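# Commentary on secondary and tertiary structure
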Amino acid sequence: MKFFVDSADVAAIRELADLGMVDGVTTNPSLILKSGRDIIEVTREICDIVDGPVSAEVVALEAEAMIAEGRRLAGIAPNIAVKLPLTWQGLKACRVLSGEGSMVNVTLCFSANQALLAAKAGATFISPFIGRLDDIHLDGMELISEIRTIYDNYGFGTEILAASIRSVNHVRQAALIGADVMTAPPEVIRKLAAHPLTDAGLDTFLRDWEKTGQKIL
Ligand code: E4P
């Protein structure tokens, strides 16, 4: 499973990239707002750090304007994936931009039928939003599973990018289902390493080691 970082925080992305944990990055207008940075500048900086796909989202609503914004964003670096919303206009823009050779991440996907359309329009990635479905008491993970089945049934190459991941459990479940990629905030990625039994075990080992009176160095 590829790990994308869902953030426009350059310092956090760099820290995870240094550990080899970053296969790509996703941003959105809310994350750009949170960063307090200019979209072009911060996206360029992220592309300098990360070799894999870096999603940058358009904000236009009509296909022609989305295509123009998408071309501008794609011009930032060769590893940009243009992020387009899953609307009819977004699908039109997806068809054109993917036809031009740009990577496209179709975002705000909440149904298997939407994912089917994105694949047919040539999306590189489909982003089903798990957490936001859970927020309204629907089953985000069931959506990942349905899309996996449909894409496998017909051999679609569009990668399933499990998005809106809020917990370590989301990561585990998406990996078990076979999502190709997951994107999560830096804090969720860090939490993947945590387990209370690891902490307790380490505590015991260190206390016993102290009693041996030995040193390794
Ligand atoms: C994905 O590309 C989105 O940026 C993100 O995962 C949305 O997550 P949220 O629902 O926690 O805002």
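Residues numbered from 1 in each chain as written. Predicted model: local features only at pLDDT ≥ 70, side-chain atom pairs only at ≥ 80, totals over all residues. Heavy atoms only, no water.

With that settled, consider the site of the ligand. Around the ligand lies a shell formed by D6, T26, N28, K83, F129, R132, A163, S164 and R166. The separation between an oxygen atom of the ligand and a polar side-chain atom of K83 is 2.6 Å. The side chain of R166 places a nitrogen or oxygen atom 2.9 Å from an oxygen atom of the ligand. The fraction of the free accessible surface of the ligand (340 Å²) that becomes covered by protein chains is 86%. In the shell around the ligand, the residues fall into two nonpolar, three polar and four charged. (Near = heavy atom within 4 Å. Polar contact = N/O pair within 3.5 Å; in protein donor to acceptor, adjacent residues only side chain to side chain. Areas by Shrake-Rupley, 256 points an atom, 1.4 Å probe, with all protein chains shown as cover. Nonpolar A, V, L, I, M, F, W, Y, C, P; charged D, E, K, R; others polar.)

Bringing the sheet that holds strand β6 (residues 125–128) into the picture now. In sheet architecture, strand pairing relies on hydrogen bonds along the backbone and comes in two forms, parallel and antiparallel. Reading around the barrel, the eight strands line up as β1-β2-β3-β4-β5-β6-β7-β8 and close back on themselves, with parallel pairing between neighbours. Across the sheet, the axes of successive neighbouring strands diverge by a mean angle of 30°, strand direction being ignored. Bridge count between strand β1 (residues 2–6) and strand β2 (residues 24–26): three bridges; the pairing is parallel. Bridge pairing in β2 links V5 to V25. On top of the sheet, helix α3 (residues 39–49) reaches β2, β3 (54–57) and β4 (80–85); it is set at about 170° to β3, its chief contact. (Pairing = 2+ DSSP bridges. Helix = DSSP H or I, 4+ residues; strand = E, 2+ residues; numbered from the N terminus. Axes fitted to C-alpha atoms, helices over the stretch in contact; angles between N-to-C directions. Contact = heavy atoms within 4.5 Å.)

Keep in mind these numbers describe shape, not what the thing actually does.
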